[in-house]
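Overview (structure and organization)
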Amino acid sequence: MTVRRDIDALARRGLLERVHGGAVSRDHLNPRATAAPSTEEPGFAAKSRLMLGAKAAIASEAVKLVRPGMSIAVSAGTTTMALARDLCAVHGITIVTNSIPAAQALADTAEAMGQRVVLTGGTRTPSEALVGPIAVGALRTLHVDLLFLGVHGIDEHAGLTTPNLVEAETNRALIDSARTVCVTADHTKWGVVGLGTIVALDRVDILVTDSGLPERGLKTLREHIERVLIADPPT
């Protein structure tokens with residue numbers, strides 16, 4: 001109990017962050033939040049090697065929201081790529097995506113699973129997203145049941161952010177096309193602020209994240225987002 005009280009006191013002073021089962025230093029939890037420029041946009045291959053367990057757990061939790069016959073939108077990103085692999089096992093859904101890798105993964109099993117895969121078109125970014133006027137124009141004509149959105153950063157004040165302004169516009173079009181918006185993001189995205197805001201936190205219906213999220217961050221997110229689901233990565 002003494003240790004818990006000490007951790008609580010240090011957390012209130014901002015010297016560490018409480019996480020599930022203990023505490024970590026703020027810099028260790030998310031060095032990008034203080035070190036990375038707001039315009040930094042790592043490539044898809046580099047991001048694919050990070051937080052693999054958390055991404056797999058988030059994908060496994062998120063795919064539970066999907067039912068046969070639904071229309072699903074999947075944004076670009078490495079967490080949504082993990083989800084796209086899990087969506088390959090869901091029968092009879094339509095998937096709209098602006099992610100080149102996700103479309104390729106889904107195309108391999110689409111016919112056997114009775115799925116339709118719609119790729120938006122557009123201009124390619126370092127994150128393998130298709131963005132710009134062509135993508136936005138296609139999305140404005142579509143209406144999907146559920147959007148799974150990957151993001152560069154999540155912040156209480158800045159909301160959902162990305163370093164790519166054109167991608168921010170395309171992501172807003174994805175959000176506008178969806179009845180329900182579900183953000184899939186591991187805990188390292190908390191406190192990261194990219195150059196452009198996509199939308200405020202209140203525009204999100206569901207967040208699926210992992211158990212590494214600090215308690216203060218979890219509390220803040222639950223104040224803005226109706227449903228926050230926590231996935232436990234394998235030990």
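That block above? That's the structure.
So, a few notes on the structure that sits alongside this text. (Residues numbered from 1 in each chain as written. Predicted model: local features only at pLDDT ≥ 70, side-chain atom pairs only at ≥ 80, totals over all residues. Heavy atoms only, no water.)

1. Digging into the overall build of the protein chain
Rules: Numbering of helices and strands runs from the N terminus, with a helix taken as a DSSP run of H or I at least four residues long and a strand as a DSSP run of E at least two residues long. Exposure classes here rest on a 1.4 Å probe applied to the protein chains alone. A residue is buried below 20% of its type maximum, exposed above 50%, and partly exposed in between. Methods summary: accessible areas were calculated by the Shrake-Rupley approach with a probe of 1.4 Å, and residue burial reflects only the protein chains presented.
When its secondary structure is counted, the protein chain shows 10 helices and 14 strands. Within the protein chain, the proportion of its 235 residues that are buried is 52%. Surface summary for the protein chain: the accessible area is close to 11,100 Å², and the carbon and sulfur share equals 54%.

2. A closer look at the environment of serine 71
Here is the rule we go by: In what follows, a contact means two residues having at least one pair of non-hydrogen atoms within 4.5 Å.
Positionally, serine 71 belongs in strand E3 (residues 71-74). With relative accessibility at 16%, the residue serine 71 sits in the buried group. In sequence terms serine 71 and valine 96 are 25 residues apart; their C-alpha atoms lie 7.7 Å from each other. Aside from chain neighbours lying at most four places away, what touches serine 71 is Thr94, His143, Val144, Asp145 and Leu146.

3. Concerning the sheet that holds strand E5 (residues 116-119)
The test is simple: Two strands form a pair only when DSSP identifies at least two bridges running between them. Helix axes are fitted only over the stretch in contact, all axes being lines through C-alpha atoms; the angle between N-to-C directions runs from 0 to 180 degrees.
Spatial ordering of the open sheet is given by E5-E4-E3-E8-E11-E13-E14, a layout of seven strands whose pairing is parallel. Among the strands making up the open sheet, the edge pair consists of E5 and strand E14 (227-231). Strand-to-strand twist in this sheet, taken as the mean axis angle between neighbours without regard to direction, amounts to 20°. In this sheet, strand E13 (residues 206-210) lies alongside strand E11 (residues 178-184) in parallel orientation, the contact comprising three bridges. Counted as the bridge partner of cysteine 182 is isoleucine 206 from E13.

4. Things to note about the pattern of salt bridges
Spelled out, the test is: The term salt bridge refers to a side-chain nitrogen of Lys or Arg lying within 4 Å of a carboxyl oxygen of Asp or Glu.
Taken as a whole and assessed by the stated rule, the structure comprises four salt bridges. Lysine 64 is the salt-bridge partner of glutamate 61, the closest N and O atoms lying 3.3 Å from each other. Given the relative accessible area of 52%, lysine 64 is considered exposed. The salt bridge partner of glutamate 223 is lysine 219, with a shortest N-O separation of 2.8 Å. Here glutamate 223 and its partner lysine 219 are both found in helix H10 (residues 215-224), four residues apart, which amounts to about one turn of the helix. Comparing glutamate 223 with lysine 219 shows no difference in burial state: the two are exposed.

5. What to know about the packing of helix H5 (residues 52-62) against helix H6 (residues 78-87)
For the record, the criterion: By definition in this entry, angles of less than 35 degrees are roughly parallel, angles greater than 145 are roughly antiparallel, angles of 65 to 115 are roughly perpendicular, and the rest are oblique. The handedness criterion is simple: a crossing whose near helix is rotated anticlockwise from the far helix by less than a right angle is left-handed, and one whose near helix is rotated clockwise is right-handed.
Put simply, H5 and H6 touch, their axes get as near as 8 Å, and they point 50° apart. Between H5 and H6, the crossing angle belongs to the class labelled oblique. Helix-helix and strand crossings are classified by hand; for H5 and H6 the assignment is right-handed. Counted together, Lys55, Ile58, Ala59, Ser60 and Ala62 of H5 and Thr78, Thr79, Ala82, Leu83 and Asp86 of H6 form the full contact between these two elements.

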